[in-house]
Amino acid sequence: MLDGHVLVDAHTHPARLPTLKRAWHDWAADFGDAEVLGRVYDEEGAVVPARFGELLDAEGVDVVLMFSEYSPKATGIQPIEDLLPLAAHDPARMRPVANLNPHLHFPVAEEVERQLGLGAVALKLHPVHGGFPANERALYPAYEVCRDRGVPVVVHCGTSSFPGSMNSYADPVLLDEVLRDFPTMNLVLAHGGRGWWYDAAAFLALSRETVWIELSGLPPRRLPEYYARHDFARLSRRFIFGTDWPGVPGIASNARAVAKLCPDEETAALALGGNALRVYHLD
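Note that the structure is a prediction, hence the values are computed from the model and not measured.

Peer 1: Looking at this structure, I do not really get the packing of helix α12 (residues 251-261) against helix α13 (residues 265-279). What am I missing?
Peer 2: To characterise two packed helices, one gives the angle between the axes of the helices and the distance between these axes. Interhelical geometry of α12 versus α13 gives an angle of 145° and a closest axis separation of 8 Å. The two elements α12 and α13 meet at a crossing, and its hand is right-handed. For the pair formed by α12 and α13, the contact residues are A255, V258 and A259 on the first element and A268, A271 and L272 on the second. Split into classes, the residues belonging to the contact of α12 with α13 amount to six nonpolar, no polar and no charged.

Peer 1: For this particular structure, what's the right way to read the pattern of salt bridges?
Peer 2: Between side chains of opposite charge, pairing is possible as soon as their charged atoms come close. Overall, the coordinates contain 14 salt bridges when judged by the stated rule. With its nearest N and O atoms 2.7 Å apart, the salt bridge here joins R256 to D3. You can see R256 sitting in helix α12 and its partner D3 sitting in the segment before β1 (8-12), a full 253 residues away along the chain. For R256, a relative accessible area of 38% corresponds to the partly exposed category. Overall, D3 belongs to the exposed group, its relative accessible area being 54%. Overlapping salt bridges, with partners in common, bring together E81, E111 and R114 in one network.

Peer 1: Help me understand helix α1 (residues 22-31), please; the structure alone is not making it clear to me.
Peer 2: Residues that lie three or four places apart on an α-helix share one face, since the helix turns once every 3.6 residues. Residues of α1 that are buried: W24, W27 and A28. Down the axis of α1, the buried set is contained in an arc of 95°. They therefore lie on one face. Along α1, exposed side chains directed more than 90 degrees from the buried face belong to R22, A29 and D30. Looking at the buried residues of α1, the elements they touch are α2 (34-40) and β4 (76-78).

Peer 1: I keep staring at the UniProt feature "domain: Amidohydrolase-related" (unreviewed entry) in the protein chain and nothing clicks. Help me out?
Peer 2: Using the residue numbers shown here, the UniProt feature "domain: Amidohydrolase-related" (unreviewed entry) corresponds to residues 8-282. As a span, residues 8-282 carries 39% helix and 17% strand, and end to end its C-alpha atoms are 10 Å apart.

Peer 1: Explain the nonpolar core here, please?
Peer 2: A general trend in soluble globular proteins is that nonpolar side chains are found buried together. The biggest cluster of nonpolar side chains holds 80 residues, and the ones touching the most others in it are F52, Y143, Y227 and W245. Sorting elements by how many residues they give to this core places helix α9 (residues 198-207) first, with six residues. Not counting residues within four places of it along the chain, the set of residues in contact with F52 comprises P14, V40, V47, V64, M66, L86, M94 and W245. Counting residues in hydrophobic clusters, the runner-up holds 17 residues, among them A10, V188, A190 and W212.

The rules we used
- Residues numbered from 1 in each chain as written.
- Predicted model: local features only at pLDDT ≥ 70, side-chain atom pairs only at ≥ 80, totals over all residues.
- Heavy atoms only, no water.
- Axes fitted to C-alpha atoms, helices over the stretch in contact; angles between N-to-C directions.
- Helix = DSSP H or I, 4+ residues; strand = E, 2+ residues; numbered from the N terminus.
- Left-handed = near helix turned anticlockwise from the far one by under 90°.
- Contact = heavy atoms within 4.5 Å.
- Nonpolar A, V, L, I, M, F, W, Y, C, P; charged D, E, K, R; others polar.
- Salt bridge = Lys/Arg side-chain N within 4 Å of Asp/Glu carboxyl O.
- Buried < 20%, exposed > 50% of the residue type's maximum accessible area, 1.4 Å probe, protein only.
- Arc of directions from axis to C-beta.
- UniProt positions renumbered as here; feature names shortened; annotations may be inferred.
- Core = buried A, V, L, I, M, F, W, Y, C linked by side-chain atoms within 4.5 Å.

So, in structure tokens, the structure goes:
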């Protein structure tokens, strides 16, 4: 708990370092806390489960979603198997998220089923790093699995500076036909349209009950500016808190800053944890 609120960090990357490209290491160093990373990682570049748990304790985190990623062109490979020791250490708190790249995985439905079978609570797609549009028809069998099983889909919707990124694929408008074809599937917009698409992301979240704005990588103090063309009090009820750890100096400080922007305690409770608990079906 953090200040009386359930806190879910719905976007973290506790990846094993040897599998990642140099640019990922530079990103973590530039935006993260070197002292924290030194405490959490072992000498071989793996997150130590007990130390990660101690960090979550200190930051008031009740549940953390841990992302895998298969993006060899941009950041490297973060296989879901590397997250399983963390999930085994504290299965109620440390929850893995599946990842799919249609250039690497086929059949995609079988791969989604495999990763869900490992305990994944959602599917993350990273069109910008993976090099594919979110409305790619090859992804539809994966969407069908998620729809049928009630599993939410997280899609990266924001610019990325990693070499090899294709920022044109970050446009939330590409998800319009996905939402048309899968109207009951919860869709989480990671990074909330960061860069050029804040308005498009906000419009989708305000017009569809199944669309959510996830705040990872966004400085909280600038959220009212980013979404100035929209009813911020109403939009904040569609927020899902996330940090993009380790690319953030502090989880609790970000969460408190988001809570201060919310119009009331009820909305703060939804943004910090309540929406995530419902969307990701977290116990």
